[in-house]
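Remarks on the overall topology
Residues per chain are reported as follows:
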Amino acid sequence: MTDAMTRALETKLSLFDTRTRKVASISASNGSHLRIYSCGPTVYRDAHVGNLRTFLLSDLIIKVLKYTGVDARLVQNITDVGHMSEDLHEDKLLAESSARKMDPFEIAREFESRFHHDLQLLGVNPANIYPRASESIEMMQSLISQLIEKGHAYVGTDSSVYFDARSFESYGEISGNRLDALKPGHRYEYTDDGAKRFHADWALWKAAGERTEMIWDSPWGAGFPGWHIECSAMSLHYLDGAVDLHLGGIDLRFPHHENERAQSNAAAGYEVVSNWVHGEHLLFEGRKMSKSAGNVVLVSDIVARGLDPLALRLTFLENRYRSQIDLTWDALAAADSTIKRWRKKLKDWGASDATPEAQIVLSQLVELVLDDLGSADAIVELRRIERDEHLAPSFRAFIFRELDQIFSLDLDRAEESARLTSEQEGLLAARAEARAAKDFAQSDLLRDQLRALGVEVKDSASGQSYEIIL
Ligand code: AMP
Ligand code: ZN
């Protein structure tokens, strides 16, 4: 619960709040650090580069805050149960499990570790905690019980528990989808209409029915949690009842965040989330990424083409989070060569010199980032500084090195990856995947192939690294 006596800590960051439809100054309500919740991956498949754009949002926010001396605590959930596929009314993980004839939890762990590996390749610092839905069942059940006690939820005729949408007056503030405008039969929720009292009510707990896997006992009978309740339970629990910043992709505005807000506020009795911030979608070569369109791009695809995965990070930084990006392979290749050129130039420029003039320019650039994440504007300036031959090399080195603490493009890296062939890059990516999937036979085989090609692979707790031996 927020303490009314605590003075909030004002940060210099401003962001667009979807609920109030305004750019808002962000503050840490507990007076010490910013509490951030970011909706995490559904781990039945690899995160595609679009998902990663959204996951990068918290990293940029946390790094720019840290640069200004403000700490943050980030919670990101791992959805390994409860997220239904829109078309099939079927749990996405169980569908994958039956297709691959594998234990659903084994699949979840495989994709979870690949998710962490992708984040590492993109220079994203890990969250403080990654709670798994399947391990937070009690927490969700206790929240559901509270909602029933407070008259915001009821047990339906099918033994599922539903949230009573009409009991939450301000429903619709985030998305603009007010209850009176939502038509019955409009498919925005996966539950059948029969057992609930009102068409816009949604399931907090689903009765198991025919389902035999990934179900748990509950006061309402065996079943499994709905997707939205997961984020309410985890954010309230792990962020002590108040979220300064709630992040997710734009598609989550409705129904996911609308329902989460209703659940959290109804249980807590106050506005739990101060700012709802949404990242716009990423398109690839003009189209929405989808399996059926065949244009899903993964980090491993980028590596397999011999491109630095941080090129993806640069393309994200070159666009404001609130604008759609239409990514292309050409744009990625251009970003890759920009990063390589910057690394080389930084080496040539040598040591940094933090002159008072350089500090002024730097703080102007940081302010651009703090202003609703204008990293794109800051990068335009960086390019100008790069080209300005009147500026001392040590001045330019200072600006680039300092901003890299926020942008994480690893600009001081020794340029060895430029010497890798695309075959070597591809094998390294395949080996990282094999390791993440704990396929040690395959990873040993790939290690031998790489050695034969002159690349010695080493493993450590932070992942795989390599050295060129020929
Ligand atoms: P999921 O794993 O499908 O639950 O999605 C994880 C996150 O990625 C959510 O915050 C989504 O809103 C976000 N997301 C999904 N598709 C895209 C996309 N094409 N571009 C940007 N973010 C996306
Ligand atoms: Zn969520």
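Thresholds, definitions, all that
Residues numbered from 1 in each chain as written. Chains lettered and ligands numbered in written order. Predicted model: local features only at pLDDT ≥ 70, side-chain atom pairs only at ≥ 80, totals over all residues. Heavy atoms only, no water. Pairing = 2+ DSSP bridges. Helix = DSSP H or I, 4+ residues; strand = E, 2+ residues; numbered from the N terminus. Axes fitted to C-alpha atoms, helices over the stretch in contact; angles between N-to-C directions. Contact = heavy atoms within 4.5 Å. Near = heavy atom within 4 Å. Polar contact = N/O pair within 3.5 Å; in protein donor to acceptor, adjacent residues only side chain to side chain. Areas by Shrake-Rupley, 256 points an atom, 1.4 Å probe, with all protein chains shown as cover. Expected span 1.5 Å × (residues − 1). Buried < 20%, exposed > 50% of the residue type's maximum accessible area, 1.4 Å probe, protein only. Arc of directions from axis to C-beta. Bend = angle between axes of the 7 residues up to and from the residue. Donors = N, O, S within 2.8 Å, 3.2 Å for Na, K, Ca; no water. Salt bridge = Lys/Arg side-chain N within 4 Å of Asp/Glu carboxyl O. Lys, Arg positive; Asp, Glu negative; His and termini not counted. Domains from an automatic or database assignment. Nonpolar A, V, L, I, M, F, W, Y, C, P; charged D, E, K, R; others polar.

Some points on the sheet that holds strand 5 (residues 153-155)
- The strand order 5-6-7-8 describes an open sheet built from four strands, whose pairing is antiparallel. Edge positions in the open sheet fall to strand 5 and strand 8 (223-225), since each of these has one partner strand only. The average undirected angle you get between the axes of adjacent strands in this sheet is 20°.
- Pairing between strand 5 and strand 6 (residues 161-163): three bridges, direction antiparallel. Bridging across to strand 6, Ala153 finds its partner in Phe163.
- Across the sheet, helix 4 (residues 137-149) lies against strand 5, strand 6, strand 7 (202-207) and strand 8, angled at about 120° from strand 7, the strand it touches most.
- Strands in contact with helix 6 (residues 256-268) are strand 6 and strand 7; relative to strand 7, the strand with the most contacts, it is inclined by about 85°.

Considering the site of ligand 1
- By nearness alone, 17 residues border ligand 1, and Thr42, Gly50, Thr54, Asp251 and Leu282 come closest of all.
- One of the side-chain nitrogen or oxygen atoms of Asn51 is found 3.0 Å away from an oxygen atom of ligand 1.
- Interatomic distance of 2.7 Å between a side-chain N/O atom of Thr54 and a nitrogen atom of ligand 1.
- In the complex, the protein chains occlude 92% of the 490 Å² of accessible area that ligand 1 would expose alone.

Some thoughts on helix 10 (residues 356-370)
- For helix 10, built from 15 residues, the straight-helix expectation of 21 Å at 1.5 Å per residue is met to within 8% by its first-to-last C-alpha distance of 21 Å.
- Looking only at helix 10, the buried set comprises Ala358, Leu362, Leu365, Val366, Val369 and Leu370. Looking down the long axis of helix 10, one finds its buried residues gathered within 145° of arc, a one-sided arrangement. In helix 10, the exposed residues that point more than 90 degrees away from the buried face are Pro356, Glu357, Ile360 and Glu367.
- Buried-residue contacts for helix 10 involve strand 1 (9-17), helix 1 (49-67), helix 11 (375-387) and helix 12 (393-407).
- Positive backbone phi, approximately 55°, marks Asp372, located one or two places after helix 10.

Comments concerning helix 1
- For helix 1, built from 19 residues, the straight-helix expectation of 27 Å at 1.5 Å per residue is met to within 8% by its first-to-last C-alpha distance of 26 Å.
- Taking the largest bend as the criterion, helix 1 deviates by roughly 25°, centred on Phe55.
- Within helix 1, 16 of the 19 residues are buried, which leaves the element mostly enclosed by the surrounding structure.
- Backbone geometry just downstream of helix 1 places Gly69 in the positive-phi region, at approximately 90°.

Looking at the coordination of the zinc ion (ligand 2)
- The coordination sphere of the zinc ion (ligand 2) contains the protein donors Cys39 (SG), Cys231 (SG) and His256 (NE2), at a distance range of 2.1 to 2.2 Å.
- Each donor residue of the zinc ion (ligand 2) lies on one chain, and together they are spaced C-x191-C-x24-H. Here Cys231 is found in helix 5 (residues 227-238), whereas its partner His256 is found in helix 6, with 25 residues between them in sequence.
- Using a relative accessible area of 0% as the deciding quantity, one classes Cys231 as buried.

Some details on the pattern of salt bridges
- Applying the stated criterion across every chain, the model contains 32 salt bridges.
- Notably, a salt bridge pairs Asp46 with Arg114, separated by 2.6 Å at the nearest N-O pair. Of this pair, Asp46 sits in the loop between strand 3 (33-38) and helix 1 while Arg114 sits in helix 3 (residues 104-121), and the two are 68 residues apart along the sequence. Taken as a pair, Asp46 and Arg114 share a single burial class, namely buried.

Thoughts on the side chain of Glu260
- In this fold, Glu260 is placed in helix 6.
- Despite its burial, Glu260 pairs with no opposite charge, the nearest such side chain being Arg261 at 10 Å.
- The residues contacting Glu260, other than those within four sequence positions of it, are His228, Cys231, Ser232, Ser235, His246 and Trp276.

Comments concerning the domain arrangement of the protein chain
- On domain assignment, one finds that the protein chain holds domain 1 (9-279), domain 2 (282-407) and domain 3 (422-468).
- A straight line from the C-alpha centre of domain 1 to that of domain 2 covers 31 Å.
- In this assembly, domain 1 and domain 2 are joined by one salt bridge.
- Two residues, Asp59 and Arg313, come together in a salt bridge whose shortest N-O distance is 2.9 Å.
- At the level of elements, strand 1, helix 1, helix 3 and strand 10 (276-279) are the ones that each hand at least two residues to the side of domain 1 that touches domain 2.
- Here the element with the most residues in the side of domain 1 that touches domain 2 is helix 1; it accounts for 12 residues.
- Its residues assigned to classes, the side of domain 1 that touches domain 2 shows 17 nonpolar, seven polar and six charged.

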